[in-house]
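Results of the structural survey
This is what each chain is made of:
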Amino acid sequence: MIGNDLDNIAFAGARQTDAASREIEVVYLDSDSTAREQIHEGLADHDAEITVTSVATTDAALEAAASTDVSCLVLDPTGLGDIPAALVSNDRYPVVLYTDATAPNSVATVFDDAETIVTKQGDGQLRLLAEKVVGVASASVDRTESALRDAVSGIESRAEANEIAILLSDDGAVQWSSEAVSAFVSGLDDTVEVEDFYDAMAGALPDTPSGRRQRQRLRDSPTESVAIRVPGNDRDQCLLRRGYELPEAAGGLMLVLLRDITETARRDARMALLDLLVERAQDGLYTLDERGVIGFCNDSFAAILGYETDELCGKHISAVLAPGELPKGQAAVEELLEAPEQGSTTVDLTFRRKDGTEREFSFNHTLTRDDAGNYNGVIGVARDVTERNRREREYQEMMERFNFALKGAELGVWDWNPKTNDVTFDERWTGMLGYTTAELEPHYETWADLVHPDDLDRAEQALEELKDRETDLYQCEFRMRTKDGDWRWIRDLGKVFEWNDDGEAIRAVGIHQDITEERRRQNEIERQRDELVTLDRVNVLVQDLIRALGTTTTQDELAVTVCDRIVESELWDLAWIGERSGVNDNLTPTAVAGDDEGCFDSITSDNQTDSSPGETALRTGTIQTTTIKCGSEVTSGEGTGNDRGTRSIAAIPIVHSDIVHGVLCVCTDQPDAFTTRVEESFAVLGEMLGFAFTAVQNRRLLSHDKILELTFESQNADTPLVSAANACGCRIEAVGSVDIGPAHLLYLAVDGGPIDAVSEQLRSHEDVLDSRVVRTDDDGGVLELQVTETIQSLLLDVGARRQTLVAEEGVLSVTVEAPLDADSRTIQEALAVCTSDFTLTAKQEREQANDVLDAESDPRDHLTDRQQEVLRTAFLAGYYAWPRDTNAEQLATTLDIASSTLLQHLRRAERNLIDAIFDI
């Protein structure tokens, strides 16, 4: 197997046997410079194959020997001192002494190690030295070759059939091998001769961390046993490298034995793995003979049952089975005996442990047979499934509860494969949209088609984040279309439960929950919250406006102040106050603030058939709200959403005592801005504005030098005063009135008729609460009527006052004083409470009567409202006449107070008037 013919083998460091063709490297060491020169020239001249390196010191000689392939060392120890043993005692080259010195103690080692000694003195000594050098160098080569032959012979005797031997130099160059390395190592090209062993192995081993570590071990540990794995086409090759350093005499080579241990490694690995699996298997492994006796079991099987292995081996299996379980195990064996092709079977059995507790096991049984094919036992694998079965039972119970919860909570379940987009919808999922499972295709597009287009992008983005692992839990809320075409709000929750090897989601499961009612409640809560915030701001605004009304002096100033403050609040874009104008009750603006953007045209209208919100509010005295699209027709009802251009409008009547003075209109870009409570706040503002307008008109009526005098007449015979005057043939004139709270006292002078008959006639009308004769004259008298409303109180509500009120000859005539810019139609409407057929018969300007008191000196300012009421009633009722037309008891009854209280009010009122007159 290993070739012994060394004639064709090139050994590193060896010299060929033909001395004539061999180069001889000589290092000559001599401290004498003259001798060095002579010897250097003499050796070179004697033989052309001799090359001489002359040095003067031992250090120089060591350096030369280390850097040169030295064939012989020639030296004269004289004058060198201590000579290092490493220089003269080695197997690399022979040593020749060329000296006259004897062998002193200091150089005794040199004489011992020298191959030969040549003396310097005498003729022909230089030639003798040259011949000795050639001779000892040739003998050294012969010894090296002989050592190599012996090493190779030893290799042959030790090598095995699956092993090759390789001789390597220090640098890894292959000097010889028993077989071609490239043919022996499967990972190498067998057509290429291997020159460097380590480079060849680097090419055969994979360029992986493991491969690089194996290459490094081969170089760094040349004499260690190293196992390496070389990748092959069909299977990997396992090699064992062992290295041996040969003696220096053999040329300093390295012997490498490379053995193919692939089959051995595979067999050993399988056996070791099998032993490890049996030893460390968590499942119990055991064998039974044909009688059911345990022949073998591993540690796991014994530990599961609380025994040691030697306690179980030799016992019948029934000793560890729970009562009643043995027949089940025997039935499993009989099943395999009856169906040999089945191979194995699994049966669940309950075992009783050593401590008496019971555990549930799943057994996989395989029959064993002898060489004749007869049944001779069972090989079994036992797995403790107690916890698994417990979890399965718990899981089953949990699933039952889960399904019950899903049904009770009306949750739908979906199961989606994001890779294929196949989806499974359960009955509750489809049912909440009004479908059956058969009506919907089990695919992703089915879901996407049912989601509201405005919500789909958001929902799909959330699903992408789930698939890309940007989130662990998918959750989204969106609208879905039902079978009936309605939209339902859905809360969708899901999670990926399975990924493939490429990291792609392949199964996600989730639930659908109908949250339409929850959304409705949430929106209602948010709407109420926003409404409360808005309402609070509106109330603050209204209170601020009410305070501002007390500082204004004219109606125009009132209108401008209100509009400006409303717009400055940033709640409303437009505020506008309009008053009636023309015969069609059209609104004319008196003050405008803010941006119009089409609202003004929607508030007012010239259309003769359709009334605008402002005109409707003016006519009905109720707040009107609407929503419009700017630049489009008005649309009534609730807003359609927060669309751009959608504006909410409210027209608030400015009213006082059922008299509408005008309309306040406000506009905003917020939809449904006018809730019921916001309307109520604005209604208060409208009433306060109406009161302020009336107060301004009343102040103007009292303070201006000129007034407008208007005369209105009615011929309605059903009017109480006209009816009584016609029935009794008399003239009835109002002489005063007093507001006593919920009712009014009206004092009438009757002329030309029976006073009692007139009183009875008036009491018969439903508008008259009571009637009392205050004074009787020869042809008439004075009546006191208690009524719900008087013309005087009606006129005061519109900033006017009654001058005269006379019923005579079928006509009721009312003369009214009003400011010059008063609206006669408003006054006429106020009088319409009494009768609707009042017509304006006269209108003129005139000077204010001189008896009007200056507001600053009016003594009535020193009276309280109650004192004025009591004092005026006493005066009109004839309490101060003599004899008195009304006594204190009658007057107290009329005022619904006690006599003592009446007298107290009168005395205080009289004292205050006297104080004011006399400035006491």
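That block above? That's the structure.
These notes cover the structure that comes with them. (Residues numbered from 1 in each chain as written. Predicted model: local features only at pLDDT ≥ 70, side-chain atom pairs only at ≥ 80, totals over all residues. Heavy atoms only, no water.)

Where helix α27 (residues 888–895) meets helix α28 (residues 899–918), the closest approach of the two axes is 9 Å, and the angle between their N-to-C directions is 95 degrees. Considering the angle they form, α27 stands roughly perpendicular to α28. In this structure, α27 uses Ala 888, Glu 889, Leu 891, Ala 892 and Leu 895 to contact α28, whose residues at the interface are Ser 899, Leu 902 and Leu 903. Considered class by class, the residues forming the contact of α27 with α28 number 6 nonpolar, 1 polar and 1 charged. (Axes fitted to C-alpha atoms, helices over the stretch in contact; angles between N-to-C directions. Helix = DSSP H or I, 4+ residues; strand = E, 2+ residues; numbered from the N terminus. Parallel < 35°, antiparallel > 145°, perpendicular 65-115°, else oblique. Contact = heavy atoms within 4.5 Å. Nonpolar A, V, L, I, M, F, W, Y, C, P; charged D, E, K, R; others polar.)

Before going further, it helps to examine the packing of aromatic side chains. We describe a pair of aromatic rings using the distance from one ring centre to the other and the angle between the two ring planes. In total, this model carries 14 aromatic pairs according to the counting rule given. Ring centres 6.4 Å apart and planes at 85 degrees place the aromatic pair Phe 301 and Phe 351 in the edge-to-face group. Here Phe 301, found in helix α10 (residues 299–304), pairs with Phe 351, found in strand β13 (residues 344–352); they are 50 residues apart in sequence, far enough to count as distant. Here the two residues Phe 301 and Phe 351 agree in accessibility, since each one is buried. When the ring of Phe 361 is compared with that of Phe 363, the centres are 5.8 Å apart and the planes differ by 40 degrees; the resulting orientation is tilted. Each member of the pair Phe 361 and Phe 363 is classed as buried. (Phe/Tyr/Trp six-rings, centres within 6.5 Å; stacked < 30°, edge-to-face > 60°. Buried < 20%, exposed > 50% of the residue type's maximum accessible area, 1.4 Å probe, protein only.)

Attention now moves to the sheet that holds strand β6 (residues 163–168). Pairing between the strands of a sheet is mediated by backbone hydrogen bonds and can be parallel or antiparallel. One open sheet accounts for 5 strands, arranged β7-β6-β10-β9-β8; its pairing is antiparallel. With partners counted over all chains shown, the strands left at the sheet margins are β7 (174–177) and β8 (226–230), one partner each. Taken over all neighbouring pairs, the strand axes of this sheet differ in orientation by 25 degrees on average, direction set aside. Here helix α7 (residues 197–204) sits on the sheet in contact with β6, β7, β8 and β10 (254–260), set at roughly 130 degrees to β6. Helix α8 (residues 209–220) rests against β8 and β9 (237–245) of the sheet, and its axis sits at about 140 degrees to β8. (Pairing = 2+ DSSP bridges.)

This part is about the environment of Val 798. Mapped onto the elements, Val 798 comes out in the loop between α24 (791–796) and β32 (801–808). You can call Val 798 buried: its relative accessible area is 5%. In this structure, the C-alpha to C-alpha distance between Val 798 and Ile 659, residues 139 residues apart in sequence, is 6.9 Å.

The next thing to look at is unusual backbone geometry. In this structure, Asn 421 is a non-glycine residue whose phi angle is positive, near 65 degrees. Locating Asn 421 in the fold gives a position in the loop between β16 (411–417) and β17 (422–425). One non-glycine residue with positive phi stands out, namely Arg 469, at about 65 degrees. Mapped onto the elements, Arg 469 comes out in the loop between α16 (453–467) and β18 (474–481). Under the relative-accessibility criterion, Arg 469 is labelled partly exposed at 49%.

A separate point is the pattern of salt bridges. Pairing between side chains becomes possible if they bear opposite charge and their charged atoms approach one another. All told, the structure shown has 39 salt bridges when counted by the stated rule. The salt bridge partner of Glu 163 is Arg 259, with a shortest N-O separation of 3.7 Å. Of this pair, Glu 163 sits in strand β6 while Arg 259 sits in strand β10, and the two are 96 residues apart along the sequence. Given the relative accessible area of 2%, Glu 163 is considered buried. (Salt bridge = Lys/Arg side-chain N within 4 Å of Asp/Glu carboxyl O.)

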